[in-house]
Every structure is written in C-alpha cells, then in structure tokens.
Amino acid sequence: MRIHVVDHPLVAHKLSTLRDERTDSPTFRRLADELVTLLAYEATRDVLVDQVVLRTPVSETTGVKLSYPRPLVVPILRAGLGMLDGMVRLLPTAEVGFLGMIRDEGTLQPSTYATRMPDDLTGRQAYVLDPMLATGGTLVAATQLLIDRGARDVTALCLLAAPEGVALMQEAFKDSSVPVTVVTAAVDERLNEHGYIVPGLGDAGDRLYGTAG
Ligand SMILES: O=P(O)(O)OC[C@H]1O[C@H](OP(=O)(O)OP(=O)(O)O)[C@H](O)[C@@H]1O
Ligand SMILES: O=c1cc[nH]c(=O)[nH]1
Ligand SMILES: [Mg+2]
C-alpha cells in the first residue's frame, strides 16, 4: 500500500480550521469540500485517460479525455458524503456508489448497513471517500469489498489518518496485486482509548451534520 501525505500550506491551513472546536457545521462542510478538491488533485494523478485528436480555433492538436470505463467514487456514509461534491466536481464523469458503514462505539468493529454499487468493477478505478482513517477497520473492509468486485486499483481519500489505521491498511494489503493508495492531509499522533484520532478533529460525521453529543 502507498500512502501520500499532501504537504501544502493551503491544506494545512484548512485542516487547522477544521480541527478547531469552535468551527461550526456550515464552515466545517465548506472546508471539507475545499480540502477534498486539493487531495483529489493528488489522488487522481494516475487516473486513466485516452488520447484524443481535436481542433483548436487555430489548428489540429492532440489532448486527453478521462477514459471509459468511468471511475467509481464511493463515499462511506455518513461522513464520506461531506467529501462527495468536492470529488465529483474534479471527476465529472465518475459514477457514484454508496457504502453505509458504522463503527461500534464499544468494540470499534465496523459493520455495513448499505451497499449500492455495481457488482462487477472489473477494470474500474475506485476512489473511496472517508474523512477519518482511525483503527482502519472501516477502510480495510471497504477496500476489500472493492477488490473482491474486481476494481483495477483503489485510492482512498482521507482528511486525517492515525498511524494505527495506516499500519492496518499496510498489513491488510501488503501482498495485494491490486494497487491500494491512501491520500491524506495529515497522519496524526495516535488513537485515544475510545478509538478517536489525537489531536484529530472529533467525530467527523457529527461535526459535518451538526449532531449533538
Ligand atoms: O478507522 P475506523 O476505526 O474504522 O473508524 C473510522 C470510521 O469512523 C467514522 O464513521 P462512523 O462510524 O462514526 O460513522 P458516521 O460516518 O455515520 O458518523 C469515520 O467516518 C470512518 O468511517
Ligand atoms: O477521530 C475519529 C475516529 C473515528 N471517527 C471519527 O469521526 N473521528
Ligand atoms: Mg461518526
């Protein structure tokens, strides 16, 4: 598995405001949207394109167009939904599949409550959206599902990652013949005893959608 930490002052600036507990939900949503387009720029570096011939007003030339089959973008509900608009703005031809997953607060084990995506992903590039890579249980399960359905490669975009989650992804996909990449704005210090990223930004779903408590 490859990890790419996007080291850029604009990314760090937006992430710092996201972390701030005083940032309200509307601002949090806007910043998450802006951040994902910056991460997506890096995450789509290997997106498949086809050569095309076109005419400018001046002459004939060659260029590229996003290729078919279309990439698949998969937000992990709920928090991943906050990254969807920013991603499809950059990848307008993408198809969107949905995975609903929730982590049990006690055991920290993920369970899947909704799956809506093509059964056959043979030859397709898949982009998973989830702001938080904590223990890694959720992202390992989501990535495995996409590989099992035949994805050509899997790239996860996470706003924040914990070293524990990165290590679990590395272990899970160390022998994978399918390329797996994680693109994130930062790898934080550790997880706390409740499985939250430290310093992190709290519960991303709650902060995006204004859920109290
Ligand atoms: O790496 P892990 O330890 O598996 O934890 C990360 C998961 O936890 C959060 O979702 P949550 O379960 O809070 O669901 P939500 O998006 O509905 O709030 C987050 O968005 C990830 O999906
Ligand atoms: O810090 C964390 C860990 C899991 N899920 C979140 O939303 N935040
Ligand atoms: Mg949550």
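Throughout this description, residue numbers start from 1 for each chain and increase along the sequence as written. Just so you know, chain letters begin at A and ligand numbers begin at 1, following the order they were written in. For this predicted model, a pLDDT threshold of at least 70 governs which residues receive local features, and a threshold of 80 or more governs which side-chain atom pairs are given and counted, while totals over whole chains, interfaces and linings are taken from all residues. Hydrogen atoms and water are omitted, and side-chain values are computed over all heavy atoms in the structure.

## Things to note about unusual backbone geometry
Heads up, the condition is: Working definition: helices are DSSP H or I runs of at least four residues, strands are E runs of at least two. Numbering for both runs from the N terminus. Residue burial is assigned from relative accessible area. The probe radius is 1.4 Å, only protein chains are included, and a residue is buried under 20% of its type maximum, exposed over 50%, and partly exposed in between.
Looking along the chain, the bond that leaves Y68 and enters P69 is cis, with omega of 5°. Considering the arrangement of structural elements, one finds P69 in the loop between β3 (60–66) and β4 (72–77). The residue after L77, namely R78, is reached through a cis peptide bond having omega 0°. Relative to the elements of secondary structure, R78 occurs in the loop between β4 and α3 (84–90). Phi angles above zero are rare outside glycine, and L108 is one such case at about 65°. Turning to its location among the elements, L108 is positioned in the loop between β6 (98–103) and β7 (110–116). With relative accessibility at 18%, the residue L108 sits in the buried group.

## Description of the nonpolar core
Basically, it comes down to this: Here, nonpolar core refers to any group of buried Ala, Val, Leu, Ile, Met, Phe, Trp, Tyr and Cys residues whose side-chain atoms link them within 4.5 Å. Residue contacts are defined here by distance: any two heavy atoms, one from each residue, within 4.5 Å place the two residues in contact.
Within the largest apolar cluster, 36 residues are counted, with the highest numbers of intra-cluster contacts made by L18, V73, M87 and L157. Elements with a contribution of two residues or more to this core: α1 (9–19), α2 (25–43), α3, β8 (125–129) and α6 (204–209). Among the elements that make up this core, the one with the highest residue count is α2 (eight residues). Dropping the residues within four chain positions of it, V73 is found in contact with L84, M87, L91, A94, E95, V96, G97, Y127 and L129. Counting residues in hydrophobic clusters, the runner-up holds 26 residues, among them A126, A142, L146 and C158.

## Looking at the site of ligand 2
Formally: Whether a residue is near a molecule or strand is decided by its heavy atoms; if any one of them lies within 4 Å of it, the residue is near. Distance and chemistry together define a polar contact, namely a pair of N or O atoms within 3.5 Å, with one atom able to donate a hydrogen and the other to accept it when in protein, and with adjacent residues in sequence counting only for side-chain atoms on both sides. Only the protein chains shown count as covering a residue, and every accessible area follows the Shrake-Rupley method with a 1.4 Å probe. In the scheme used here, Gly and all other residues not listed as nonpolar or charged are polar, with Ala, Val, Leu, Ile, Met, Phe, Trp, Tyr, Cys and Pro taken as nonpolar and Asp, Glu, Lys and Arg as charged.
Taken together, R103, M132, A134, G195, Y196, I197, G202, D203 and A204 are the residues near ligand 2. Take I197: an N or O atom from its main chain is 2.8 Å from an oxygen atom of ligand 2. Its free accessible area being 240 Å², ligand 2 has 89% of it covered by the protein chains. The residue inventory of the shell around ligand 2, partitioned by class, reads five nonpolar, two polar and two charged.

## Some remarks on a nonpolar patch on the surface
Cut-off, in case you're wondering: Grouping into patches uses exposed residues only, defined as over 30% relative accessible area, and leaves out salt-bridged ones; the cut-off is 9 Å for like charges and 5 Å for nonpolar side chains (Val, Leu, Ile, Met, Phe, Trp, Tyr). Each reported salt bridge corresponds to a side-chain nitrogen of Lys or Arg within 4 Å of a carboxyl oxygen of Asp or Glu.
A cluster of nonpolar side chains, namely I3, V5 and V187, defines an oily patch on the protein surface of about 190 Å² accessible area. Structurally, I3 is set in strand β1 (residues 2–5).

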